[in-house]
Amino acid sequence: MAREYNLTPKPVARVETPFRRIATDFPVPQSIPILEKLQAYEPVAMRGQPPVVWDRAEGFQVYDAWGNRWIDWSSGVLIANAGHGRPEIAEAIARQASARLLTNYCFPSEIRSRLVERLAGLLPQPLKKVFLLTTGSETVECAIKLCRTYGARVGGRAKHVIVSYEKAFHGRTLGSQQAGGIPALKEWMVNLDPGFVQVPFPDGGRSGSTFEDFERALAEHNVEPRNVAGVILETYQGGTAAFAPPEYMQALRQWSTGHNALLVCDEVQAGFGRTGTLWGFEHYGIVPDLALFGKGMSSSLPIAAVAGRPDVMDLHPAGSMTSTHTGNPVCCAAALASIDLVVGEDLAGNSRRVGALLHQRLQALEARFPHIGGVAGKGLVAGVACVVPGAREPDGDLAGELVETCVEKGVLMFSPVGPGGATLKISPPLVITEAAILDSVSALEEALAEAVARRPAAAHR
Ligand SMILES: Cc1ncc(COP(=O)(O)O)c(C=O)c1O
């Protein structure tokens, strides 16, 4: 939900804990010229995040240049899985940069060979071929291309339908946004491709959670199963952090195999330990035909990947699936170093253990505040749904207020996401400690108590 932040500094309470420090008014008065310059030269669309001017970020903390320090619940936007500013990653980047190979397009490089081998080695069968790209949206575009190419090959041109999910987010490019399930984001496209259909996500909501709902929705869209080229879903929905039931995913896996449709897991958020397992699809006991990665892959520089079945990945002949910055050597160095940290330090394990504490504390808040309508997610990703008590309608105003107050208390969050802009998304770097989780949840608890106290009594339980 679009929101702009007020750039007039206001006094806020000073905060000092072992992990957080707020020592100035907010937004910081000295930061205003920088914020104004950004407003002057960037499109309005770039104004959606709290006005914290990042100066330095290390581990699970973000610092500005004026003495403030936040516990980071954003990881940027789920990028810094191995932690911000890790020296191992910075040194790998510097080493590669000083080796004077800054780019090589699709010409071979030794470091690209190492990265694709490393990824294929970590991924289960049959995800053994890897195509490197730069952004998550590009991986979705590539998956759409592969699904449609595969569909036409095995079933003729009628087999071209891409099935995806309501409320899904897969990126902002033409194809990735058509695969997305948020109608408001597609208005600019004017002419939608009828070969993209969305079915309800099985999150237990109004639209159900059983696999029969999937088949029924396809029939309602007049889609013959034999014409489906691919089914794509976020391993968990980014807007809410909701997972599908494992039985649903197992049935979907069987259905896709049975109808010779490719199953694509968009792991751009879920990959590299975020959910407490190295890959998010492990929670379902299935392996997709294609898996898409980005964000947390390097914890830093832009790099993304499509991994898949060799017969699918090899559908296009030499030179026909390329990208200018594919496998940029400096980005490969960052990814290799980050993967070594995620695997070597068992950050998926830390995500599972510390995430369990996070979820337990959030559930305790849900029990105390009827303004929380549910807590979803696994490991170190959580979606906290803000609702109007009683009505249980999404309360985007409350969510926005909570993000602002948390930031003023030294917990950095990105703006609310999901239906009605009412989900607080919590996704700290996977190196966060239990003590920092307790400290940051206590700030959210204070923010909730203050927001509830400001609301009319009728809105209380
Ligand atoms: C699940 C998912 N897929 C794809 C994307 C798009 O990635 P990018 O912004 O790198 O293009 C995102 C970004 O938020 C995402 O969360």
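It should be noted that the structure appears before, not after, this text.
Structural notes, computed from the coordinates. What you see is a predicted model, and the numbers here were worked out from it, not measured in a lab.

## Concerning the pattern of salt bridges
Part 1 of the reasoning: Under the defined criterion, the tally for this structure stands at 23 salt bridges.
Part 2 of the reasoning: With its nearest N and O atoms 3.1 Å apart, the salt bridge here joins E446 to K409. Placement of E446 in helix 13 (residues 434–454) and of K409 in the loop between helix 12 (396–408) and strand 15 (411–412) is noted, with a sequence separation of 37 residues between them.
Part 3 of the reasoning: In this structure, the salt-bridge partner of E450 is K409, at a minimum N-O distance of 2.8 Å. With E450 in helix 13 and K409 in the loop between helix 12 and strand 15, this pair connects stretches of sequence that are 41 residues apart.
Part 4 of the reasoning: Taking relative accessible area as the criterion, E450 reaches 33% and is therefore assigned partly exposed.
Part 5 of the reasoning: Of the residues examined, K409 reaches a relative accessible area of 11% and is grouped as buried.

## So, the sheet that holds strand 14 (residues 382–386)
Part 1 of the reasoning: Pairing within the open sheet is antiparallel, and its three strands lie in the order 13-14-16. Looking along the sheet, the strands with just one partner apiece sit at the ends: strand 13 (372–376) and strand 16 (423–426). Each strand of the sheet is rotated relative to its neighbour by a mean of 15°, with strand direction disregarded.
Part 2 of the reasoning: In the sheet, strand 14 pairs with strand 16 via four bridges, with the strands oriented antiparallel. By the bridge assignment for strand 16, G383 is matched with K425.

## Re the site of the ligand
Part 1 of the reasoning: Residues in contact with the ligand, as listed here, are T135, G136, S137, F169, H170, G171, E234, D266, V268, Q269 and K295.
Part 2 of the reasoning: The side chain of S137 places a nitrogen or oxygen atom 2.6 Å from an oxygen atom of the ligand.
Part 3 of the reasoning: One nitrogen or oxygen atom from the side chain of Q269 is found 3.0 Å from an oxygen atom belonging to the ligand.
Part 4 of the reasoning: Burial of the ligand by the protein amounts to 80% of the accessible area it has alone, namely 390 Å².

## Side note on the side chain of T17
Part 1 of the reasoning: Relative to the assigned elements, T17 resides in the loop between strand 1 (15–16) and strand 2 (21–22).
Part 2 of the reasoning: We classify T17 as buried; its relative accessible area is 16%.
Part 3 of the reasoning: A distance of 2.9 Å separates a polar atom in the side chain of T17 from a polar atom in the side chain of D439.
Part 4 of the reasoning: Setting aside anything within four residues of it in sequence, one finds T17 in contact with R69 and D439.

## Looking at the side chain of T275
Part 1 of the reasoning: The residue T275 is located in the loop between strand 10 (262–266) and strand 11 (290–293) in this model.
Part 2 of the reasoning: Look past the residues within four positions of T275 in its chain and what remains in contact with it is Y236, F243, A270, G280, H283, S351, K378, G379 and V381.

## A look at the environment of F107
Part 1 of the reasoning: Turning to its location among the elements, F107 is positioned in the loop between helix 3 (87–98) and helix 4 (110–122).
Part 2 of the reasoning: Once the C-alpha coordinates of F107 and P456 are considered, the two residues, 349 residues apart in sequence, prove to be 64 Å apart.

## A look at the pairing of strand 5 (residues 69–72)
Part 1 of the reasoning: Residues R69 and I71 point to one face of strand 5 and W70 and D72 to the other, with burial holding for every one of them.
Part 2 of the reasoning: Direction of pairing for strand 4 (residues 61–63) relative to strand 5: antiparallel, over a ladder of three bridges. Looking at strand 5, one finds that Q61 is bridged to I71.
Part 3 of the reasoning: A loop of five residues connects strand 4 with strand 5, the two strands running antiparallel in sequence, and G67 in this loop sits at a positive phi of about 95°.

## Regarding the packing of helix 12 against helix 13
Part 1 of the reasoning: Here helix 12 crosses helix 13 at 130°, and the two axes come no closer than 9 Å. Between helix 12 and helix 13, the crossing angle belongs to the class labelled oblique. As helix 12 packs across helix 13, the resulting crossing turns out to be right-handed. Together, L398, E401, L402, T405 and C406 of helix 12 and L444, A447, L448, E450, A451 and R454 of helix 13 make up the contact between the two elements.
Part 2 of the reasoning: Of the residues assigned to the contact of helix 12 with helix 13, the class counts are seven nonpolar, one polar and three charged.

So, how was this worked out
- Residues numbered from 1 in each chain as written.
- Predicted model: local features only at pLDDT ≥ 70, side-chain atom pairs only at ≥ 80, totals over all residues.
- Heavy atoms only, no water.
- Salt bridge = Lys/Arg side-chain N within 4 Å of Asp/Glu carboxyl O.
- Helix = DSSP H or I, 4+ residues; strand = E, 2+ residues; numbered from the N terminus.
- Buried < 20%, exposed > 50% of the residue type's maximum accessible area, 1.4 Å probe, protein only.
- Pairing = 2+ DSSP bridges.
- Axes fitted to C-alpha atoms, helices over the stretch in contact; angles between N-to-C directions.
- Near = heavy atom within 4 Å.
- Polar contact = N/O pair within 3.5 Å; in protein donor to acceptor, adjacent residues only side chain to side chain.
- Areas by Shrake-Rupley, 256 points an atom, 1.4 Å probe, with all protein chains shown as cover.
- Contact = heavy atoms within 4.5 Å.
- Parallel < 35°, antiparallel > 145°, perpendicular 65-115°, else oblique.
- Left-handed = near helix turned anticlockwise from the far one by under 90°.
- Nonpolar A, V, L, I, M, F, W, Y, C, P; charged D, E, K, R; others polar.

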